[in-house]
Amino acid sequence: MMLRSTSATLLALTTLVSLVSATHAEEKGFVSLMPADDKNGWEDSVIVTSEGYLDGDGCYIKQEFDNFILRFEFIQEPGANSGIGIRSLRGQNAAYSGMEIQCLDDSHPKYDNIQDWQHHGSVYGIVAAKQGSLKEPGEWNTQEIVADGKHIKVTVNGKVIVDADLEKAAPDGKSIDGKEHPGLTRKSGYLRLCGHGGGVQFRNMRIKVLEE
């Protein structure tokens, strides 16, 4: 009986080590974007909660990024609305000067009549995300955004909800919202936390720059 218990323990430990090693390998090259005493590159307007979470509204990080993998966890209050601006210009609407990846509790009744391209994870006005990946408000979600040239991929809680070629999504600049999005041609720009009323907090935000 003792031998079986020991074997089971060794098997469990081996499995745990393998999982940890795989996780570390997967995270190789990532740099934390969570604010420290020096705000870790965020503007002074960044909001940091008592738990150390990010809760920003119209706040930029000072460094520009072109191709990258961005990973984070987020939690939403009922009806919350925010977004992640990528490749955006400072002081301009991220959804048009760059791109905005929607981040909102689209299960709330007040969003019953929003467009497909306004749901969580969508590239606002450009690509509609698949729905049904979000957890209930008050639970933490995981998200990954890959921006690699014209390829944008969004994964939420392990489900790929956007996997798009921007040139095909907006041929000749014609977007599904019928508006001009000059940011689609931008190769680099700033990350932005888009508040839109808030209610979303972020943790474990980290980024890996992709080499050309």
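Nothing here was measured: the structure is a model prediction, and the numbers come from that model.

Reading the values: the criteria
Residues numbered from 1 in each chain as written. Predicted model: local features only at pLDDT ≥ 70, side-chain atom pairs only at ≥ 80, totals over all residues. Heavy atoms only, no water. Helix = DSSP H or I, 4+ residues; strand = E, 2+ residues; numbered from the N terminus. Polar contact = N/O pair within 3.5 Å; in protein donor to acceptor, adjacent residues only side chain to side chain. Contact = heavy atoms within 4.5 Å. Buried < 20%, exposed > 50% of the residue type's maximum accessible area, 1.4 Å probe, protein only. Lys, Arg positive; Asp, Glu negative; His and termini not counted. Salt bridge = Lys/Arg side-chain N within 4 Å of Asp/Glu carboxyl O. pLDDT = per-residue confidence, 0-100. Pairing = 2+ DSSP bridges. Core = buried A, V, L, I, M, F, W, Y, C linked by side-chain atoms within 4.5 Å.

## Quick word on the side chain of Arg192
Assignment of secondary structure puts Arg192 in strand β8 (residues 189-209). Within the local environment of Arg192, its side chain forms a polar contact with the backbone oxygen of Gln92, the two atoms lying 3.4 Å apart. What Arg192 contacts, discounting residues up to four positions off in sequence, is Gly58, Cys59, Tyr60, Gly83, Ile84, Gly85, Ser88, Gln92, Asn93 and Ala94.

## Thoughts on the side chain of Asp105
Mapped onto the fold, Asp105 is located in the loop between β4 (99-104) and β5 (141-148). Lys110 provides the closest opposite charge to the buried, salt-bridge-free Asp105, at an N-O distance of 8.0 Å. Reaching out from Asp105, the side chain makes a polar contact with the backbone nitrogen of Gly79 at a distance of 2.8 Å. There is a polar contact of 2.5 Å between the side chain of Asp105 and the side chain of Ser107.

## Structural notes on the confidence of the model for the chain
One rule of thumb: low pLDDT means the predicted coordinates there are not for detailed reading. For the chain, per-residue confidence averages 86 on the pLDDT scale, and residues scoring 70 or more make up 85% of the total. The model gives residues 1-25 a pLDDT under 50, and that stretch makes zero contacts with residues more than four places away or in other chains.

## Some points on the pairing of β4
Of all the six residues making up β4, six are buried; the element is thus mostly covered by neighbouring parts of the structure. The side-chain alternation of β4 yields two buried faces, one formed by Met99, Ile101 and Cys103 and the other by Glu100, Gln102 and Leu104. Both strand β3 (residues 68-88) and β4 contribute to a ladder of six bridges, which runs antiparallel. Across the sheet, Ile86 pairs through a bridge with Met99, a residue of β4.

## Side note on the nonpolar core
Counting 39 residues, the largest nonpolar core has Leu70, Ile84, Phe202 and Met205 as the members making the most contacts within it. Elements supplying a minimum of two residues to this core: β2 (59-65), β3, β4, β5, β6 (151-156), β7 (159-165) and β8. Broken down by element, the residue count for this core peaks at seven residues, all from β3. Setting aside its immediate chain neighbours within four residues, Met205 contacts Val31, Ser32, Leu33, Met34, Trp42, Leu54, Leu70, Arg71, Phe72, Ile84 and Leu193.

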